[in-house]
Structures are given as C-alpha cells and as structure tokens.
Amino acid sequence: MIDLRSDTVTRPSARMRQVMADAVVGDDVYGEDPTVNRLEALAAERLGCEAALFAATGTQTNLLALLSHCERGDEYIVGQQAHTYRYEAGGAAVLGSIQPQPLDLEPDGSLDLSAVAAVIKPDDCHFARTRLLCLENTQAGKVLPLAYLEQAAALTHTMSLGLHLDGARIFNAAVKLDVPVSDIAGHFDSVSVCLSKGLGAPVGSVLCGSVDLIAKARRWRKMLGGGMRQAGIIAAAGILALEEHVDRLAEDHANAMRLAVGLAEVEELVIDPASVQTNMVFAWPDTATAEGLIDYLREEGVLVGGYGNLRFVTHLDLTAADVDRVVELIKRYFVTR
Ligand SMILES: *Cc1c(COP(=O)(O)O)cnc(C)c1O
C-alpha cells in the first residue's frame, strides 16, 4: 500500500525498534526513567525552552498547555479550523471549563492580529478572562512567517496573554525556513510537538515551556491518567526521531512538490503547486469525481484522504517512485473514464 492519508501512518524502522528494545528504563512517574529524561532534555534544548514534558499524544500536550495557561472560566483565542479547537473533541471545554474564542484563519494559516486584538475582552465581570492566544504551525502544511510570529508575540506580551503554539509539525516549518527550530519556538510561552508525525516515532509528543509551566502540566498529565511508567521504551523512539529524522523532512517536502507538479498536469484537478510549502498537497476535483477517484486508488493500493477535496501527505515511508506511481494512476483514471 502507498498510504498518503497522513504522516502518522509510518511504521518504526528496524533500527528504531532496536533502540526501543535497548532503552534503559525506570519509573517515569518517579522521574526515574533516564530515557524519558534524556528525551525531555533534548527537546527542551532543541526548542530553546527551559523544560519539556513527554506525553502520549499531541492532543494531550495541547490540552496540558491549555490547562496550564488558563483556569476555569478563562478564554483562549484560536483558529476556527485549528486542530486544538476543531479536532480535539472539545477537551479544553470539557476538562478545563476553558471557553474558546474561535476566529477564521487567514489563507496563509495565520490569525489576523487586529481581529485577535479586537476580541480580547476588557477586565469586566461580564466577560470571560482572555488569557491565551493559540497558533498552529504548520497549518495545513503552511508555514507561519517569522516576522508574523514576532508580531503575535509583541501583541500577546502587550496584552498580558500567554502564547501557545500547536507545533505538531514545527520541524517541517523549521526545515522549510532553513532555521533552527528554536527560532520559531522562541516566540512562544509553550510549544506542543508531535514525534509521531513526520518525525516517524510510533507514539509520543512533547510540551516545551518554562519550568513553572511544565511543572503545572506535569500535575495535569498525572490527573488525566497520562503518567506512564517505563515510558523510556517509547521515548527512545522519540530521541532517534529528533536526532535522525529532522533534516530528512526536506525529502518529504520535495516529494510533495513532485506530486503537486505531476498532478498539475491533470486537467480535471484544481491544484496550485506554488501553494505547496511542506509535506501536504491539496487538490480539488468536482465532488462526484473525488469519490470515484478515491475508490479507484484504493483498489490500486493507494490511500488518500480528504473531505470533498483530496489530501496527500508525504512521509518517510514514501519514495519518489511511489509518488510517480500515484501521479500515473491518477492520470490513467481520468483518461479511462
Ligand atoms: C496531529 C495533530 C495534533 C494532535 O496529535 P495527536 O497525537 O494525533 O493527538 C495536533 N495538532 C495538529 C496540527 C495535528 O496535526
């Protein structure tokens, strides 16, 4: 199967399984798992933060961040289409009594900062207390410009808000911009990073931030049932991912561009290769065609995602030859129907 639904579908390599098997472990709830401690130190160092916390998923690290920044009755500003708001089952509301203030994202994946400023509530007992702005980078494969991050940080600083980044794919952004990931993370009070996406670990995310914030998050993680014991077994995969799978994200980006350029030759698809920045490609056929196409590709051993549109995500279990095969199959589909 050629699976382009997501970069979460990668399988750990033999080498990754070996470092997992060899991991030195202890009880992480006692703070005694040397491999987890090493992963947390490595993540903090790479992102340029004081501290980091290992957790099961990106949904959990985002939730831990929201719970650590906000109290019951507080509010956070977030993109209407952002993962944290839309795809995390309303966890901040259910578990934290935190009210979202969603705003539409701009086409480049940012939030308009004047719109953000306009929804920050004054200190008045009618209103929820606005405490946090949450951004996402990459957002649907798009990279937020560094100058924009600087402006967002200046606004939140002036308005005494926290600034959280859902950086599930922050390393894709850093590789695309060709900057150290700390140049992005440095603008934020907390950053959530997925190890299980393009970085290729089977499980795990880290939350990075100040010592105080991470101490709060550690308590919330325990409360949520997220205190894992000999978690070094999975943290070992995360260390390998951070050490060896960051630079190669450029290959995923090149494969995404190769796919987009190939698909741009297909008249029946609306696709703009210039819009492809990292490892995601979106194409828009008419809806009736999309359904037939997705079924046809599945029969040919190719899985793609999308809601009405087509979403292709490249990753480390995918080669340029796989990409070429997908382009060929899609061309053939439109020729033969
Ligand atoms: C995948 C993802 C998450 C959550 O990660 P899980 O590990 O699947 O819970 C958060 N934000 C974004 C943008 C993501 O793509």
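Nothing here was measured: the structure is a model prediction, and the numbers come from that model. (Residues numbered from 1 in each chain as written. Predicted model: local features only at pLDDT ≥ 70, side-chain atom pairs only at ≥ 80, totals over all residues. Heavy atoms only, no water.)

Visitor: Explain the pairing of strand S5 (residues 129-136) to me, please; I cannot follow it from the model alone.
Guide: Side-chain direction in a regular strand flips from residue to residue, so the side chains alternate between the two faces of the sheet. Summarising burial for S5: six of the eight residues are buried, a large majority. In terms of strand pairing, strand S3 (residues 74-79) meets S5 through four bridges, oriented parallel. Along S5, the bridge assignment pairs Asp74 with Arg129. Sheet topology note: the S5/strand S6 (residues 162-166) ladder contains five bridges and is parallel. Residue pairing in the sheet places Leu133 in a bridge with Leu163 of S6. (Buried < 20%, exposed > 50% of the residue type's maximum accessible area, 1.4 Å probe, protein only. Helix = DSSP H or I, 4+ residues; strand = E, 2+ residues; numbered from the N terminus. Pairing = 2+ DSSP bridges.)

Visitor: What am I meant to see in the site of the ligand here?
Guide: As a matter of local geometry, the ligand sits amid Thr57, Gly58, Thr59, Asn62, His83, Glu88, Glu136, Asp166, Ala168, Arg169, Cys194 and Lys197. Here an oxygen atom of the ligand sits 2.8 Å away from a polar atom, N or O, in the main chain of Gly58. His83 places a side-chain nitrogen or oxygen 3.5 Å from a nitrogen atom of the ligand. Starting from 370 Å² of accessible surface for the ligand in isolation, the protein chains cover 83%. When each cavity is represented as a set of grid points, the ligand is found to reside in the largest pocket. Per-element accounting of the shell around the ligand gives the leading share, three residues, to helix H3 (residues 58-69). Class assignment of the residues belonging to the shell around the ligand gives a composition of two nonpolar, five polar and five charged. (Near = heavy atom within 4 Å. Polar contact = N/O pair within 3.5 Å; in protein donor to acceptor, adjacent residues only side chain to side chain. Areas by Shrake-Rupley, 256 points an atom, 1.4 Å probe, with all protein chains shown as cover. 1 Å grid on protein atoms, 1.4 Å probe; cavity = no way out; pocket = protein on both sides within 12 Å on 5 of 7 lines; lining within 4 Å. Sits in = over half its atoms within 2 Å of the grid points. Nonpolar A, V, L, I, M, F, W, Y, C, P; charged D, E, K, R; others polar.)

Visitor: Sorry if this is basic, but what is going on with helix H8 (residues 170-177) here?
Guide: Given 3.6 residues to a turn, an α-helix orients residues that are three or four positions apart in the same direction. Within H8, the full set of buried residues consists of Ile170, Phe171, Asn172, Ala173 and Ala174. Those residues of H8 hidden inside the fold are in contact with helix H2 (34-47), S6, helix H9 (181-185), strand S7 (190-194), helix H11 (232-244) and helix H12 (249-263). Positive phi shows up at Asp178, right after H8, with a value of about 60°. (Contact = heavy atoms within 4.5 Å.)

Visitor: Which parts of the structure should I look at to understand the packing of H8 against H12?
Guide: The relative placement of two packed helices is expressed as an angle between their axes plus a distance between the axes. Between H8 and H12, the least distance of the axes is 9 Å, while the angle of their chain directions is 80°. The orientation of H8 with respect to H12, classified from their angle, is roughly perpendicular. The segment H8 lies against H12, with Phe171, Asn172, Val175 and Lys176 engaging Leu249, Ala250 and His253. For the contact of H8 with H12, the class distribution of residues is four nonpolar, two polar and one charged. (Axes fitted to C-alpha atoms, helices over the stretch in contact; angles between N-to-C directions. Parallel < 35°, antiparallel > 145°, perpendicular 65-115°, else oblique.)

Visitor: It is not clear to me how the sheet that holds S5 should be interpreted in this structure. Could you clarify?
Guide: Pairing between sheet strands relies on hydrogen bonds along the backbone, with the strands arranged either parallel or antiparallel. Taken in spatial order, the seven strands of this open sheet run S2-S8-S7-S6-S5-S3-S4, and their pairing is mixed. Each edge of the sheet is formed by a strand with only one pairing partner; in this case those strands are strand S2 (51-55) and strand S4 (99-103). Each strand axis lies, on average, 20° off the axis of its neighbour in the sheet, ignoring direction. Running at roughly 20° to S2, helix H10 (residues 211-223) makes contact with S2, S7 and strand S8 (205-209) of the sheet.

Visitor: Before we go on, may I ask you to explain the domain arrangement of the protein in this structure?
Guide: Much of the literature gives interface size as the accessible area that the parts lose upon coming together. Domain annotation of the protein identifies domain 1 (7-244) and domain 2 (248-336). Taking only C-alpha atoms into account, the centre of domain 1 sits 29 Å from that of domain 2. Tallying the contact residues gives 18 residues for domain 1 and 15 residues for domain 2. Carbon and sulfur atoms supply 60% of the area buried between domain 1 and domain 2, which totals about 1,400 Å² over both sides. At the surface where domain 1 touches domain 2, the tally comes to zero salt bridges. Connecting domain 1 to domain 2 are five residue pairs in polar contact (both at pLDDT 80 or more). Top contributing element to the side of domain 1 that touches domain 2 by residue count: H8, with four residues. Considered class by class, the residues forming the side of domain 1 that touches domain 2 number six nonpolar, six polar and six charged. (Domains from an automatic or database assignment. Buried area = accessible area lost by both parts, 1.4 Å probe. Salt bridge = Lys/Arg side-chain N within 4 Å of Asp/Glu carboxyl O.)

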